[in-house]
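Remarks on the overall topology
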Amino acid sequence: MTDHLETKFIHSAGVDKKTGAVNVPIYLSSTFHQENFDKFGPFDYSRSGNPTRLALEETIAKLEGGTRGFAFASGMAAISSAFMLLSAGDHVLVSEDVYGGTYRFITEVLNKFGVEYTFVNMTDLGEMAEAIRPNTKVIYIETPSNPTMNITDIEIAAKLAKANDCLTFVDNTFMTPLYQNPLELGADIVLHSATKFLSGHSDIVAGLAVTKDEELGNRLAFIQNSFGAVLGAQDSYLLLQGIKTLGARLNQSSESAQAIANYLHNNPLVEEVYYPGFSFHPGHPIHVRQTKGFGAVLSFRLPSKEAAKIFKESLRIPVFAVSLGAVESILSYPATMSHAAMPKEEREKRGITDGLLRLSVGLEHMDDLLADIKQALHKVRQRTGEVNFIN
Ligand SMILES: Cc1ncc(COP(=O)(O)O)c(C=O)c1O
């Protein structure tokens, strides 16, 4: 009998074998005494390994269906460390609407080490196939993408990668292992900004990576230890606690997100809503095939920057902040937040215009969120004089 993921989230880390404590102990120790002069124990120094971090790493490996998990100091540390598997002269193919920090790392850091890159529209497999070069070593996918929620077919992309001797990396931050398991679809490395849904309480910054292949796991372990951007024991503990409630949180938030997306779609003031839960979303069939849910993040376009500003100022419940995936709803303005690192021209090509807002739906009562959004849109209409407003 296989347990559901919601059950695994709670029990994967297990109880402490020595004491029976139901929570993993926090081992605040940078170093470990070695009884034996010649043969060291499993832990020697916390950059190389820490028992609390290991419990987290084993947990995420189990949840993603991998063999090795790695915990990093941030999502960007996990992503950058994975890219360090590359060498000068290699080339990477990247989702065109990737998270702004990943874009910045690839275009302003990785390029300094001689790694070439091409951004492609990964909803178009022909474009992706054409962009592969003899030196392409990684296909890097974010699906749904951030913030315009484009969907990439992971299985087909991974097949294309394998046929060309490349690795497939998937940023699974938006879906989490509850809804999407990229390793099962053929990906080689799954990456997370665990700052988001996995921890869920806006209290830590953390990153995770998972591999299935033993040799690849060993190579990433070597980089994790060499580069040293590891997650501390206290944050590892908090992340383990967050993971326990992921199922309840993400299922509820996703239900509310679908209701909010429907409401926004039917509101004439809203020019466009990006949410993979719409049956008419171009990526909907692929998303349904490769995931078990639509998630709690949606983006929508108001007519102007002024409208976006009034909307933000009129909202009562969501916080206006960078980040997503928390118990509190978070409204973001991608142009100056998640995608500030992207030049305006590049942003606009990707649909990240001045009227675009992103909403990460939290755990507040859905009716309260809907009422708040409704009144804020009403104020936008009153103050901008937009017509055709009937809701
Ligand atoms: C999809 C995605 N990937 C990666 C990151 C980077 O993670 P972190 O902020 O934990 O470094 C973020 C952060 O917003 C993100 O949204």
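In case you missed it, the structure is sitting above this.
Residues take numbers from 1 onward in each chain, read along the sequence in its written order. Two thresholds apply to this predicted model, a pLDDT of at least 70 for residue-level local features and 80 or more for giving and counting side-chain atom pairs, whereas whole-chain, interface and lining totals are computed over all residues. Side-chain metrics rest on all non-hydrogen atoms present in the structure, leaving aside hydrogens and water.

This next bit is on the site of the ligand. Residues in contact with the ligand amount to 14 residues; listed here are only the nearest, M76, D171, S193, T195 and K196. N or O atoms closer than or at 3.5 Å make up a polar contact, with two conditions inside protein: a donor-capable atom paired with an acceptor-capable one, and, for residues adjacent in sequence, both atoms drawn from side chains. One of the side-chain N or O atoms of D171 is found 2.6 Å from a nitrogen atom in the ligand. K196 places a side-chain nitrogen or oxygen 2.5 Å from an oxygen atom of the ligand. Coverage of the ligand by the protein chains reaches 92% of its 390 Å² of free accessible surface. Put simply, DSSP H or I for four residues or longer makes a helix, DSSP E for two residues or longer makes a strand, and each gets a number counted from the N terminus. Per-element accounting of the shell around the ligand gives the leading share, 3 residues, to helix α3 (residues 75-83). Residue polarity follows a fixed list, in which Ala, Val, Leu, Ile, Met, Phe, Trp, Tyr, Cys and Pro are nonpolar, Asp, Glu, Lys and Arg are charged, and the others, Gly among them, are polar. Class assignment for the residues of the shell around the ligand results in 5 nonpolar, 6 polar and 3 charged. For this purpose, a residue is taken to be near a molecule or strand whenever a single non-hydrogen atom of the residue falls within 4 Å of it. Per-residue accessibility takes into account occlusion by the displayed protein chains alone, with areas from the Shrake-Rupley method and a 1.4 Å probe.

Tracing the backbone through its elements, the reader meets M76 in helix α3. Sequence separation between M76 and G89 is 13 residues; the distance between their C-alpha atoms is 22 Å. Residue contacts are counted whenever heavy atoms from the two residues lie within 4.5 Å of one another. Apart from residues no more than four positions distant in its own chain, M76 is found in contact with Y99, G101, T102 and F105.

Turning our eyes to something else, we now look at the side chain of T173. Structurally, T173 is set in the loop between β5 (167-171) and α7 (176-179). At 2.9 Å, the side chain of T173 and the backbone nitrogen of S193 are in polar contact. The residues touching T173, leaving out its near neighbours within four places in the chain, are L191, H192, S193, K196 and F197.

Function cannot be inferred from these measures alone, as they are strictly geometric.
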